[in-house]
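# Descriptive structure summary
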Amino acid sequence: MVNICCIGAGYVGGPSCAVIAYQCHDINVTIVDLNQARIDAWNSDNLPIYEPGLDEIVFARRGKNLFFSTNVDQAIIDADLIFVSVNTPTKKTGMGAGMAADLAYIETATRRIAQVATTSKIVIEKSTVPCRTAQSMRTILEANSSKDIRFDILSNPEFLAEGTAIADLTKPDRVLIGCLQTPEGFAAQQKLVDVYTRWIPKEKVITMNLWSSELSKLAANALLAQRISSINALSAICEATGADVDEVAYACGTDSRIGPKFLKASVGFGGSCFQKDILNLVYLSEQLFLPEVAAYWKSVVTMNEYQKMRFTHRIVRTLFNTVTNKKIALLGFAFKKDTGDTRESAAITLSSYLIQEHANIAIYDPKVSAKQIKMDLTEPGVGTNEADVNKHVTVCQSAYEACAGAAAIVICTEWDEFKMGQTDYQKIFDSMQKPAFIFDGRLILDAPKLREIGFRVETIGKSI
Ligand code: ADP
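Cut-off values and rules
Residues numbered from 1 in each chain as written. Predicted model: local features only at pLDDT ≥ 70, side-chain atom pairs only at ≥ 80, totals over all residues. Heavy atoms only, no water. UniProt positions renumbered as here; feature names shortened; annotations may be inferred. Axes fitted to C-alpha atoms, helices over the stretch in contact; angles between N-to-C directions. Helix = DSSP H or I, 4+ residues; strand = E, 2+ residues; numbered from the N terminus. Parallel < 35°, antiparallel > 145°, perpendicular 65-115°, else oblique. Left-handed = near helix turned anticlockwise from the far one by under 90°. Contact = heavy atoms within 4.5 Å. 1 Å grid on protein atoms, 1.4 Å probe; cavity = no way out; pocket = protein on both sides within 12 Å on 5 of 7 lines; lining within 4 Å. Points joined across faces, edges and corners; volume = space filled by probe spheres on them. Nonpolar A, V, L, I, M, F, W, Y, C, P; charged D, E, K, R; others polar. Pairing = 2+ DSSP bridges. Right-handed = clockwise from strand over helix to strand, strands pointing away. Domains from an automatic or database assignment. Buried area = accessible area lost by both parts, 1.4 Å probe. Buried < 20%, exposed > 50% of the residue type's maximum accessible area, 1.4 Å probe, protein only. Near = heavy atom within 4 Å. Polar contact = N/O pair within 3.5 Å; in protein donor to acceptor, adjacent residues only side chain to side chain. Areas by Shrake-Rupley, 256 points an atom, 1.4 Å probe, with all protein chains shown as cover.

Naming follows an unreviewed UniProt entry, where the chain appears as UDP-glucose 6-dehydrogenase of Linnemannia elongata AG-77. Listed in UniProt under the heading Sequence similarities (unreviewed entry), the comment for the chain reads: "Belongs to the UDP-glucose/GDP-mannose dehydrogenase family." Recorded in UniProt for the chain, the comment headed Catalytic activity (unreviewed entry) runs: "UDP-alpha-D-glucose + 2 NAD(+) + H2O = UDP-alpha-D-glucuronate + 2 NADH + 3 H(+)".

Structure, rendered in structure tokens:
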């Protein structure tokens, strides 16, 4: 029986290790976290994260070979393999503030492993971290090893996308496992390969050196974000020229070298990873004295900020240059559909800009709580405070409630329920102020049909 411990019961550790338990009934998986409330939620009927298919997997194995606990030390002691999936937020102060990853949680977790382990362990870096973090973990672990206890370190970055995590984990494009190129490193790597190949075809489990593996994760996210910023940059040209961004994306995507995926223009990317990973890459490039490389990747984030700002300007301009005291319905607050995660969501920036213009915003998201929305909008750096939020923000229980009496609707998240056919736009139109505006920030609506109803429609990447 192999024992696996996962430190950090978040968006990465929770689903990825729950899937291991689901696929391998003879492996004991214990997911630990210092956050008691989070562990209590994992042990309840109401899991702390929303992810299609996650409930079934957790409910099927919990209490059998899948456990959630705050007893970090015991789980470390019992484990053969330890995944470290703690948070690595962008630093807010000090060296590299606003860019570098804060590795304090990684270091604390690593030191804890070194302190309490009584047998040899394979420690697996799962959180996305700057290239060469494994080296620091290794140094800490080696300084604390003895002749009876050795620590081997692996890098196994997680490529799951929120909203499709379970499908991504069950049938991944690839699994990356990096190790030190030593006999011991290869042996450790093989142990983890043996776990994944229980349900993933061998050829999809890619092995490489530690640093390539760490950098590959940052590189993959940077390339994905760069595609979005590229199509968003083109959307600005489309709006100014009368070209249609969907047509341009389709035309480009049929080139097999480019491919059709991830070419959807939008109000901007969000999520905890893209911006953070690019900024990590920027910081790394600066540290390596590669300023041109740093500037290149930085521009991907700059374009994303520009897109959010540009969309807000379009809203204000269209609403006769003022939104003061106008009710604006924001549909969607999560950074994308099928997740309740709001980290770096474009909706936060949009809300903040609109509040600063004194609009009254009515927000509805099927999976984000009022508490979360208010917390996001009062975070330092967002630009709005509690008084602003109390005065200008209402959180609603349905799209209909949010839109009633509104001057405009802004689609921020591409939830299926906002699509035509699932939401009754005639009913919404009838309940709104006239003229009734819709700003489609996700290109999910049928603009001609909406115009037939009577809406004035403004879509990203379509002419103004
Ligand atoms: P991610 O999206 O990368 O999974 P999250 O913030 O959702 O990040 O989850 C990381 C989790 O790691 C948090 O729940 C946090 O409480 C937990 N964590 C951080 N440091 C430690 C630690 N030293 N021991 C146990 N859990 C930790």
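## Quick word on the packing of helix α11 (residues 274–287) against helix α12 (residues 291–318)
Where α11 meets α12, the axes come as close as 8 Å, and the angle between the chain directions of the two elements is 155°. Classified by the interaxial angle, the pair formed by α11 and α12 is roughly antiparallel. Crossing of α11 against α12: the hand is left-handed. Seen from α11, the contacting residues are Gln-275, Ile-278, Leu-279, Leu-281, Val-282, Ser-285 and Glu-286; seen from α12, they are Val-293, Ala-294, Trp-297, Lys-298, Val-300, Val-301 and Glu-305.

## What to know about empty space enclosed by the protein
Within the structure shown, the criterion is met by 1 cavity of 30 Å³ or more. The volume enclosed by the largest cavity comes to roughly 40 Å³. Class assignment for the residues of the lining of the largest cavity results in 2 nonpolar, 4 polar and 3 charged.

## Thoughts on the pairing of strand β1 (residues 2–7)
Sheet topology note: the β1/strand β2 (residues 27–32) ladder contains 6 bridges and is parallel. In the sheet register, Cys-6 faces β2, and the bridge partner there is Ile-31. Each parallel crossover has a hand, and the one from β1 via helix α1 (residues 13–23) to β2 is right-handed. Bridge count for β1 against strand β4 (residues 81–84) is 4 bridges, and the pairing is parallel. By the bridge assignment for β4, Ile-4 is matched with Leu-81.

## Thoughts on the domain arrangement of the chain
Parsing the chain into structural domains produces domain 1 (2–200) and domain 2 (300–459). Here the C-alpha centroids of domain 1 and domain 2 sit 36 Å apart. In this assembly, 8 residues from domain 1 lie in contact with 11 residues from domain 2. Carbon and sulfur atoms make up 49% of the surface buried where domain 1 meets domain 2, a total of about 680 Å² over both sides.

## Details of the sheet that holds strand β6 (residues 151–155)
With respect to topology, 8 strands assemble into an open sheet ordered β3-β2-β1-β4-β5-β6-β7-β8, the strand pairing being mixed. Strand pairing shows two members of the sheet lacking a second neighbour, β3 (66–69) and β8 (205–209), which therefore form its edges. Here the strands of the sheet are splayed against their neighbours by 25° on average, with no regard to which way each runs. Bridging between β2 and β3 involves 4 bridges; their strand directions are parallel. Its bridge partner lying in β3, Val-29 is registered against Leu-66. Along the sheet, helix α9 (residues 210–241) contacts β5 (121–125), β6, β7 (175–179) and β8; its crossing angle with β8, the most-contacted strand, is approximately 120°.

## Topic: the side chain of Ser-351
By the element assignment, Ser-351 lies in helix α13 (residues 346–356). The class of Ser-351 is buried, set by a relative accessible area of 0%. Beyond its immediate chain neighbours, meaning those up to four positions away, Ser-351 contacts Leu-330, Phe-333, Ile-361, Ile-363 and Leu-377.

## Points about the site of the ligand
Near the ligand there are 15 residues, and of these Tyr-11, Val-12, Asp-33, Arg-38 and Arg-343 occur at the shortest range. One of the side-chain nitrogen or oxygen atoms of Asp-33 is found 2.6 Å away from an oxygen atom of the ligand. Contact between the ligand and Arg-38: an oxygen atom at 2.6 Å from a side-chain N or O atom of the residue. Coverage of the ligand by the protein amounts to 88% of the 580 Å² it exposes when considered alone. Tallied by class, residues from the shell around the ligand come to 7 nonpolar, 5 polar and 3 charged.

## So, the UniProt feature "domain: UDP-glucose/GDP-mannose dehydrogenase C-terminal" (unreviewed entry) in the chain
Sequence positions flagged by UniProt for "domain: UDP-glucose/GDP-mannose dehydrogenase C-terminal" (unreviewed entry) are, in local numbering, residues 329–447. In this annotation, residues 329–447 is assigned 33% helix and 16% strand; the end-to-end C-alpha distance for the span is 18 Å.

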